[in-house]
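Architecture and fold: a report
Take a look at the letters that make up each chain.
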Amino acid sequence: MSVQLQDRPVAFRQYALRRAEKLKQMVTPYLKQASTIPTGFSSSDTFESHRAMILNYFGATLDDWENWHWQMTHRISDPHVLDTLLPLAATQRQEILRVGKTFRWAISPYYLSLMDDSDPFDPIRLQGLPSQAELFDDFGEEDPMGEEYTSPAPSITRRYPDRLIINVTNMCAMYCRHCQRRRNIGETDTHSPRVQLSQALNYIRANPEIRDVLVTGGDALLLSDQTLDWLLGELHAIPHVEIKRLGTRVPVTLPMRITDELCTILAKYPPLYINTQFNHPKEVTKDAKKAADKLIAAGVILGNQAVLLKGINTQPQVMKKLNQELLKIRVRPYYIFHAKNVKGTRHFVPRIQDGIEIIEQLRGHTSGLAVPTYIINAPKGGGKTPISPQYLVSLDENKAVLRTWEGKYIQYETP
Ligand SMILES: *Cc1c(COP(=O)(O)O)cnc(C)c1O
């Protein structure tokens, strides 16, 4: 007996060791692939030499670089300036000239510094530089979300029972080539006038079931500190508004916008959630981390809403690396959005199979914290619809067949 008692743990341990060896083998191919994917941290030397070159061109200083107003007034939107700062092939220079006549483009010096000099398929270039594919899209619609039909008050979009969006600006630090609201990005940058925002606030005050207000645009953090202080203060004072959220891409495209002054304002209005949009591990830089650290110190809770974009992040190992890099800077992956059929963005629209495969390769294979929900926005304002691999194979009254993350089929009974 006593021999058996001593033997058993040994046998268990041997079993666990064999299993651990198998698990190690499962992750090995990913580790090999992931080591070849550039991240913001692994590319930081290159980014710093780009920064020096751009500052030299503008005759500016590091202090200028850290000033978000300097970044905004020095946005690159002229193909000739671009060509000086980022050597382009002759065909691409022509392309940018041509597309620029129809679609606006602008890139912050910071985001430009993340672009690869030599790779035309660099994921940062693809998000920032206009491509002629934008002109040849007879598939997409201007407003597939039907946003024009879901606005019960000025600046408001309401599609859900207990929460809504206030649109505060059409301005962004960069005009993403995959933008779903390109119809709003005119030639002029405008913030919604205060009278209009006051009407939106009145709508919220008059509808006590609204417990969650999402301030977005454009980019909510391109509002001035004063306007943000006012708007968040007004929302904070409405008793039934339990939480506030800001939608912004500045942690990715203009991290110097996250100033101490801004953080002092944000800290006054908890609970405040900020959702941003990192789409590729190269965007997770030292500067992005600094911005995240400051926001977290101000009590803000950070989430990421990635957009699934063909040629940028549809490879499962890229998405896995992105979500792991985000957890390191304390940004929790929240959603992966399937790119919508917006006119001029067809070349980015992936297959639904790509999204399902990504979730399949995340769940179980890496931290549950790194697994966002994959969402397709139903057309005509139908709402966010979660899409998932099938783990429930069949379900009867008290019997189910499950498929585990490893692909094992298991009978599961309930009393
Ligand atoms: C996306 C969205 C929300 C927020 O949805 P969550 O799933 O709660 O993040 C709210 N209102 C509108 C109109 C939206 O499009």
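As the structure is a computational prediction, the values presented were derived from the model and not from experiment.

Some points on the side chain of Q277
- Relative to the assigned elements, Q277 resides in the loop between β5 (272-276) and α13 (286-297).
- Looking at Q277, its side chain comes within polar contact range of the side chain of H178, at 2.9 Å.
- Discounting residues that sit within four places of it in the chain, Q277 has contacts with H178, T248, R249, V252, E283, N304, Q305, A306 and V307.

Structural notes on the pattern of salt bridges
- As enumerated under the stated definition, the model contains 25 salt bridges in all.
- For the salt bridge of E242 with R211, the shortest nitrogen-to-oxygen distance reads 2.9 Å. Of the two residues, E242 is situated in the loop between α10 (225-236) and β4 (243-247) and R211 in the loop between α9 (194-206) and β3 (212-216); the sequence distance between them amounts to 31 residues.
- Using a relative accessible area of 26% as the deciding quantity, one classes R211 as partly exposed.
- Residue R403 is joined to E360 by a salt bridge in which the shortest nitrogen-to-oxygen separation is 2.9 Å. Placement of R403 in strand β11 (residues 399-403) and of E360 in helix α15 (residues 352-362) is noted, with a sequence separation of 43 residues between them. Considered together, R403 and E360 belong to a single accessibility category, that of buried residues.
- Salt bridges linked by common partners bring D162, R163, R211 and E242 together as one network.

Describing the sheet that holds β11
- Strand order in the open sheet formed by 3 strands is β10-β11-β12, and the pairing between neighbours is antiparallel. In this open sheet, the two strands that pair with only one neighbour each are β10 (392-395) and β12 (409-413). Sheet twist, expressed as the average angle between the axes of neighbouring strands with direction ignored, equals 20°.
- One ladder, built from 3 bridges, connects β10 with β11; its direction is antiparallel. Residue L392 lies in a different strand from β11, and its bridge partner there is L402.

Describing helix α14 (residues 316-328)
- Taking 1.5 Å per residue, 13 residues should reach 18 Å; α14 reaches 19 Å between its end C-alpha atoms and fits that length.
- Taking burial as the measure, the 13 residues of α14 include 10 buried ones, the bulk of the element.
- Within the span of α14, buried status applies to P316, Q317, V318, M319, K320, K321, L322, N323, E325 and L326.
- Positive phi shows up at R330, right after α14, with a value of about 65°.

Here's the deal with unusual backbone geometry
- With an omega of 25°, the peptide bond between G217 and G218 qualifies as cis.
- Mapping G218 onto the fold places it in the loop between β3 and α10.
- Cis geometry marks the peptide bond from P270 to P271, where omega comes out at -5°.
- Locating P271 in the fold gives a position in the loop between α12 (260-266) and β5.
- The backbone of S155 shows a phi angle near 70°, a positive value even though the residue is not glycine.
- Tracing the backbone through its elements, the reader meets S155 in the loop between α8 (123-128) and β1 (156-157).
- Residue K380 is not a glycine yet carries a positive backbone phi of 60°.
- With respect to the helices, strands and loops of the structure, K380 is situated in the loop between β8 (373-378) and β9 (383-386).
- Judged by relative accessible area, K380 falls into the exposed class, the value being 65%.

About the cut-offs
- Throughout, residues of each chain are indexed from 1 in the direction in which the sequence is written.
- The predicted origin of the model limits local features to residues at a pLDDT of at least 70 and limits the giving and counting of side-chain atom pairs to 80 or more, whereas totals for whole chains, interfaces and linings rest on all residues.
- Based on all heavy atoms of the structure, the side-chain values leave hydrogens and waters out of the count.
- Helix and strand definitions here come from DSSP, where helices need a minimum of 4 consecutive H or I residues and strands a minimum of 2 consecutive E residues; each element is numbered from the N-terminal end.
- The definition of a polar contact used here is a pair of N or O atoms within 3.5 Å, where within protein one atom must be able to donate a hydrogen and the other to accept one, and adjacent residues in sequence count solely through side-chain atom pairs.
- Contact between two residues is taken to exist if any of their heavy atoms lie within 4.5 Å; hydrogens are not considered.
- Here, a salt bridge means any Lys or Arg side-chain nitrogen found within 4 Å of an Asp or Glu carboxyl oxygen.
- In this scheme, a residue with accessible area under 20% of its type's maximum is buried, one over 50% is exposed, and one in between is partly exposed, where area comes from a 1.4 Å probe on protein chains only.
- By definition, two strands form a pair when at least two bridges between them are found by DSSP.
- Throughout, an axis means a line fitted to C-alpha atoms (over the contacting stretch in the case of helices), and angles, computed between N-to-C directions, take values from 0 to 180 degrees.
- Expected span of a helix: the number of residues minus one, times 1.5 Å.

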